[in-house]
Amino acid sequence: MVEDGPQIRAIERVTTPAAVGICISATLFVLCVAALTYYCYRRRKNHLNNKLGKGRRHGGPNQPLAFQTHRRPTAVKSPAGSGNTTHYLKKSPSPTGSSKSPPGISGPVTPSPTSSQGITPQQETQEHRPESQNQSGEARDTYTTENEVSAPQTPNPSKEELETNEKNLAHTVQQENPLYLGQLVFKLRYKQDKNALVVSVVKCKDLPAKDPKLGSSDPYVKLQLLPDKQDKVKTRVLRKTRNPVYDEDFTFYGITFNQLPSITLHFVVLSFDSYSRDDIIGEVFCALNGVDLSQAENQQIALSRDIQPRSLKIRSQGRGELLVSLCWQPAANRLTVVVLKARNLPKMDVTGLADPYVKMYLLYNGQRIAKKKTHVKKRTLNPVFNESFVFDIPAGGEGLDSVSLEFLLLDWDRVTKNEVIGRLDLGGAKSTGSALNHWNEVCNSPRRQIADWHKLRE
């Protein structure tokens with residue numbers, strides 16, 4: 001028997017296409033809600049930015065809109081001022097050069113280099129001051145705030161512009177005075193408790209360019225104490241500059257205060273060359289007997305000297321004479337050379353003396369094939385050498401026709417390269433005058449010692 005009642009059926013399962021459709025619909029709904037939310041956010045943000053942009057015209061950018069007020073610029077009074085007179089202040093220039101202005105302070109305004117009638121904002125402020133402020137004869141500085149300068153300010157020159165200006169200025173000075181080699185700045189201090197002399201090499205200014213391609217030099221400074229020539233020091237090499245700053249201290253111990261007047265500082269400025277000998281720019285002599293060293297016990301004394309060329313001391317004097325003796329031995333195919341002595345040499349040191357020696361070369365067909373040199377004779381202008389040398393003449397030569405001798409008289413110096421005082425040529429195309437006569441006599445009188453004096457030339 002079947003009972004009457006509601007008919008119950010099993011629910012059919014959800015198919016896969018239906019589930020995919022439901023997921024896609026939900027995803028589209030979420031995307032629409034997100035897009036609508038983003039649109040509303042952007043619209044509100046643009047609206048607020050427009051309001052803030054209008055508010056910046058009437059107040060500072062960092063203030064809230066409700067508190068943006070217009071503040072009239074006012075002058076800053078000096079605490080030392082009195083009465084109703086406003087004293088304008090100005091930031092002192094930095095002793096180390098140009099620097100940034102502190103926050104809230106405007107930088108210096110430089111006049112236009114192309115206009116001689118240009119007026120800076122500070123000049124306008126001074127022209128429009130009340131008469132009571134201009135009655136005083138004292139010069140008044142100005143101190144301006146950030147809002148007081150309405151005219152556009154000239155930016156500070158860059159490092160490249162400053163270097164270019166210095167090069168142009170140095171080039172102009174050297175064109176006006178070709179012998180100008182720059183300046184050397186140094187400091188002196190004497191420590192009496194330690195018997196020490198402190199010499200500080202500070203800097204060089206407006207040095208000539210020893211490298212024509214780069215238009216600069218690689219300078220360094222050598223220092224020695226005269227007349228002893230024992231204490232010798234040098235600074236580091238600074239690359240590609242004509243205004244090097246060293247700030248290096250050199251201390252010389254064992255010098256009493258009574259010895260200072262007899263000491264002379266000898267500075268030599270050179271340009272480093274990695275491929276050949278360093279170029280000598282010039283030198284500076286500073287005799288301590290002309291410096292008030294009583295002040296140097298407590299503080300440093302700053303001095304500046306023009307750099308002088310080394311050749312000036314020879315141009316003002318003769319180069320001296322050299323006595324040599326020659327003997328030609330055809331059987332042994334040898335040439336004997338005796339360097340006897342020299343006289344009337346120029347004063348190469350501040351002491352009025354020199355440290356000469358002779359270097360000689362044997363030339364065959366214009367090529368140097370052998371060299372000899374004498375010993376150094378210290379502190380004399382009339383050295384006596386008495387040294388004999390023998391040169392072997394190459395085989396195949398007809399006598400001395402293809403042979404010549406070159407003599408160089410040099411001043412020995414441990415600090416710098418030895419400087420040539422004078423030269424002498426015997427034989428060859430360069431031989432003239434007494435040198436030619438002497439050489440012809442030697443060739444025509446073999447196995448005979450023939451001596452003669454010869455003036456040294458440049």
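Look above for the structure.
I will try to describe carefully the structure that is included in this document. Small disclaimer: the values here were computed from a predicted structure and weren't measured.

1. Here's the deal with the overall build of the protein
Secondary structure assignment for the protein yields six helices and 16 strands. Looking at the protein residue by residue over its 458 residues, the buried ones come to 34%. For the protein, restricting intrachain contacts to residue pairs at least 6 apart in sequence, the fraction spanning at least 24 positions comes to 63%. Taken as a whole, the protein presents about 29,900 Å² of accessible surface, with 50% of it coming from carbon and sulfur.

2. Considerations on the side chain of His454
For His454, the location among the structural elements is in strand β16 (residues 450-455). Here the side chain of His454 touches Ser434 through a polar contact of 3.5 Å, side chain to side chain. The contact partners of His454, leaving out residues within four places of it in the chain, are Gly320, Glu321, Leu322, Val324, Leu424, Leu426, Ser434, Ala435 and His438.

3. Comments concerning the sheet that holds strand β10 (residues 334-343)
Spatial strand order, β13-β10-β9-β16: four strands in an open sheet with antiparallel pairing. Here the strands that pair on one side only, and so sit at the sheet edges, are β13 (384-392) and β16. Pairwise comparison of adjacent strand axes, ignoring direction, gives a mean angle of 25° for this sheet. Strand contacts of helix α6 (residues 433-444): β9 (321-329), β10 and β16, with the helix running at about 165° to β16, the strand carrying the most contacts.

4. Some points on the pattern of salt bridges
It is possible for side chains bearing opposite charge to pair when their charged atoms get close. The final tally for this structure, using the stated rule, is seven salt bridges. Ionic contacts of the salt-bridge type, sharing partners, join the residues Arg368, Glu406 and Arg423 into one network.

5. Concerning the environment of Asp206
Its location among the elements puts Asp206 in the loop between β2 (196-205) and β3 (219-226). Classification of Asp206 by relative accessible area gives buried; the value is 19%. Sequence separation between Asp206 and Tyr180 is 26 residues, and the spatial gap between their C-alpha atoms is 8.8 Å.

6. Some remarks on the pairing of β2
Within β2, eight of the ten residues are buried, leaving the element largely enclosed by the surrounding structure. Across nine bridges, strand β1 (residues 183-191) lies against β2 in antiparallel orientation. Bridged to Lys191 within β2 is Ala196. Here β1 folds back onto β2 in antiparallel fashion, the turn holding four residues, of which Asn195 has a positive phi close to 50°. Here β2 pairs with strand β5 (residues 245-253) via seven bridges, running antiparallel. Opposite Val201, over in β5, you have Glu248 as the bridge partner.

7. A closer look at the sheet that holds strand β14 (residues 403-411)
Taken together, the four strands give an open sheet; going across it, the order is β12-β11-β14-β15, and neighbouring strands pair in antiparallel fashion. Edge strands, defined here as strands with exactly one partner in the open sheet, are β12 (367-373) and β15 (419-426). Strand-to-strand twist in this sheet, taken as the mean axis angle between neighbours without regard to direction, amounts to 20°. Judged from the six bridges that link them, strand β11 (residues 356-364) and β12 form a sheet pairing that is antiparallel. Bridging from a neighbouring strand, Lys359 pairs with Lys373 of β12.

8. Remarks on the packing of aromatic side chains
Counted according to the given criterion, the structure contains two aromatic pairs. Geometrically, the ring pair formed by Phe186 and Phe267 is tilted, given 4.8 Å between the ring centres and 35° between the ring planes. Linking Phe186 in strand β1 with Phe267 in strand β6 (residues 264-271), this pair joins segments that are 81 residues apart in sequence. Lying over the aromatic face of Trp453, Arg343 brings its terminal NZ or CZ to 3.8 Å of the ring centre. Its end group placed over the ring of Tyr361, Arg368 keeps NZ or CZ at 3.8 Å from the ring centre.

9. Let's talk about the side chain of Gln224
Here Gln224 shows up in strand β3. The exposure class assigned to Gln224 is buried, which follows from its relative accessible area of 1%. Only 2.9 Å separates the side chain of Gln224 from the side chain of His266, close enough to count as a polar contact.

10. Details of the environment of Phe385
Take Phe385: it is sitting in strand β13. Each C-alpha atom, one on Phe385 and one on Pro356, is 9.9 Å from the other, the two residues being 29 residues apart in sequence. Apart from residues lying up to four places away in sequence, Phe385 is in contact with Val339, Leu340, Lys341, Ala342, Pro356, Tyr357, Val358, Thr374, His375 and Lys377.

11. Some details on the nonpolar core
By size, the foremost hydrophobic cluster in this structure holds 33 residues, and its most contacted members are Leu184, Leu265 and Phe267. Of all the elements in the fold, those that place two or more residues in this core are β1, β2, β3, β5, β6, β7 (279-287) and β8 (301-306). Leaving out residues up to four positions away in the same chain, Leu184 has contacts with Val201, Lys203, Cys204, Val221, Phe267, Val284, Leu303, Ser304, Arg305 and Ile307. Counting 32 residues, the second-largest nonpolar core is a separate cluster that includes Leu345, Leu381, Ile421 and Ala435.

12. A look at a nonpolar patch on the surface
A cluster of nonpolar side chains, Val20, Ile24, Leu28 and Leu31, forms an exposed patch at the surface whose accessible area comes to about 380 Å². As for its placement among the helices and strands, Val20 is situated in helix α1 (residues 16-56).

Thresholds applied
- Residues numbered from 1 in each chain as written.
- Predicted model: local features only at pLDDT ≥ 70, side-chain atom pairs only at ≥ 80, totals over all residues.
- Heavy atoms only, no water.
- Helix = DSSP H or I, 4+ residues; strand = E, 2+ residues; numbered from the N terminus.
- Buried < 20%, exposed > 50% of the residue type's maximum accessible area, 1.4 Å probe, protein only.
- Contact = heavy atoms within 4.5 Å.
- Areas by Shrake-Rupley, 256 points an atom, 1.4 Å probe, with all protein chains shown as cover.
- Polar contact = N/O pair within 3.5 Å; in protein donor to acceptor, adjacent residues only side chain to side chain.
- Pairing = 2+ DSSP bridges.
- Axes fitted to C-alpha atoms, helices over the stretch in contact; angles between N-to-C directions.
- Salt bridge = Lys/Arg side-chain N within 4 Å of Asp/Glu carboxyl O.
- Phe/Tyr/Trp six-rings, centres within 6.5 Å; stacked < 30°, edge-to-face > 60°.
- Lys NZ or Arg CZ within 6 Å of the ring centre and 35° of its normal.
- Core = buried A, V, L, I, M, F, W, Y, C linked by side-chain atoms within 4.5 Å.
- Patch = residues over 30% accessible without salt bridge, like charges linked within 9 Å, V, L, I, M, F, W, Y side chains within 5 Å.

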